[in-house]
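Descriptive analysis of the structure
Residue strings, one per chain:
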Amino acid sequence: MHIVLLGPPGAGKGTQAQMLSMAFDLLHVATGDLFREAARLGTPLGLQVQAYMERGELVPDEVTIGVLLERLKQSDAANGALLDGFPRTVAQAEALDRALAAHDQHVQLAVYLKVPQIMLLARLSGRWFCSYCGSSFHSLYRPSKEEGICDRCGHALHQRPDDRPETALHRLEVYERLTVPVLEYYRQQGILKTVNGDQSVEEVQRDIAEAIGNREGSVSSESSARASD
Ligand code: AP5
């Protein structure tokens, strides 16, 4: 099963993807994480993408599509993936569809996490990340038990440079301009499910899990109907 998680910066895609990938045994693939790791390691890809990320711009489609499709070719992605932060342009969505179609696969569900803009800036400015396991916390909404320390693995927490208010605002503008059309792309395919992201983490997770569960049911009844033809 291939599921895409859509929504503006700070909508909760990473928080939800981490929990849902465990619950549904799906590989979590986040292009932002792949780029940050490359930048941390100083690889040629990292050097290429760092400036875009620092400015809050999208990394060019040809680079991003190449990285994502390469990741999906690895054996741990054979059963599908939960895509977090991809696609972010219609060109990326089309490239994903073409690549999956070549293997007789497709995106089953696109979940749009809808959150009012005023909440997004508050979420980004209070966000803390574990430098080791990637867990995400928030100083107000999801504080770690010990300040500055990850509950899950005990390593130090840090903030992302692109969460500075001026860069975060620019990321939201880029989202409106380039990523909002992706919602329409999936709406036209009839696979877009809008989830209210302005609820507790657990309530959002419940709603997404329900959407995935409904979709799984419809996928298996579609395939058994096909098998009985
Ligand atoms: P990326 O890392 O993908 O960032 P983003 O999409 O801007 O999303 P965020 O990670 O900021 O937010 P999120 O929705 O995951 O929210 P989170 O769960 O952390 O991309 C970074 C950069 O990489 C881009 O700007 C671009 O340069 C590049 N890039 C990546 N993918 C690309 C692509 N496909 N094409 C081109 N360039 C690409 O939650 C936020 C905070 O809120 C956390 O503190 C969390 O604890 C808290 N929170 C979460 N849910 C709730 C809730 N329900 N209630 C209260 N608080 C909550």
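Data block above holds the structure.
In this report, we go over the structure that sits alongside the text. (Residues numbered from 1 in each chain as written. Predicted model: local features only at pLDDT ≥ 70, side-chain atom pairs only at ≥ 80, totals over all residues. Heavy atoms only, no water.)

1. A look at the sheet that holds strand β2 (residues 27–30)
Judged by pairing direction, the sheet is parallel, and its five strands sit side by side in the order β2-β3-β1-β4-β8 without closing on themselves. Edge positions in the sheet fall to β2 and β8 (192–196), since each of these pairs with one other strand and no more. Between one strand axis and the next, the sheet turns by 20 degrees as a mean value, whatever way the strands run. As paired elements, strand β1 (residues 2–6) and strand β3 (residues 81–84) share four bridges and run parallel to each other. Counterpart to L5 in the pairing with β3 is D84. Relative to β3, helix α1 (residues 13–23) is tilted by about 170 degrees, and along the sheet it contacts β1, β2, β3 and β4 (107–114). The sheet contacts of helix α2 (residues 31–41) involve β2 and β3, and relative to β2 the element is tilted by about 65 degrees. (Pairing = 2+ DSSP bridges. Helix = DSSP H or I, 4+ residues; strand = E, 2+ residues; numbered from the N terminus. Axes fitted to C-alpha atoms, helices over the stretch in contact; angles between N-to-C directions. Contact = heavy atoms within 4.5 Å.)

2. Observations concerning the packing of aromatic side chains
In this structure the tally under the stated criterion is one aromatic pair. Plain terms: the ring middles of Y185 and Y186 are 5.3 Å apart, the flat faces sit at 85 degrees to each other, and that makes the pair edge-to-face. We note that Y185, like Y186, is buried. (Phe/Tyr/Trp six-rings, centres within 6.5 Å; stacked < 30°, edge-to-face > 60°. Buried < 20%, exposed > 50% of the residue type's maximum accessible area, 1.4 Å probe, protein only.)

3. Let's talk about empty space enclosed by the protein
Applying the stated rule across the entire model yields one cavity of 30 Å³ or more. Quantified by volume, the largest cavity comes out at close to 50 Å³. What lines the largest cavity is simply L5, L6, G7, K13, G85, F86, P87, R88, Y175 and T179. Elements with a minimum of two residues in the lining of the largest cavity: β1 and α7 (165–189). Grouping the amino acids of the lining of the largest cavity by side-chain chemistry returns five nonpolar, three polar and two charged. (1 Å grid on protein atoms, 1.4 Å probe; cavity = no way out; pocket = protein on both sides within 12 Å on 5 of 7 lines; lining within 4 Å. Points joined across faces, edges and corners; volume = space filled by probe spheres on them. Nonpolar A, V, L, I, M, F, W, Y, C, P; charged D, E, K, R; others polar.)

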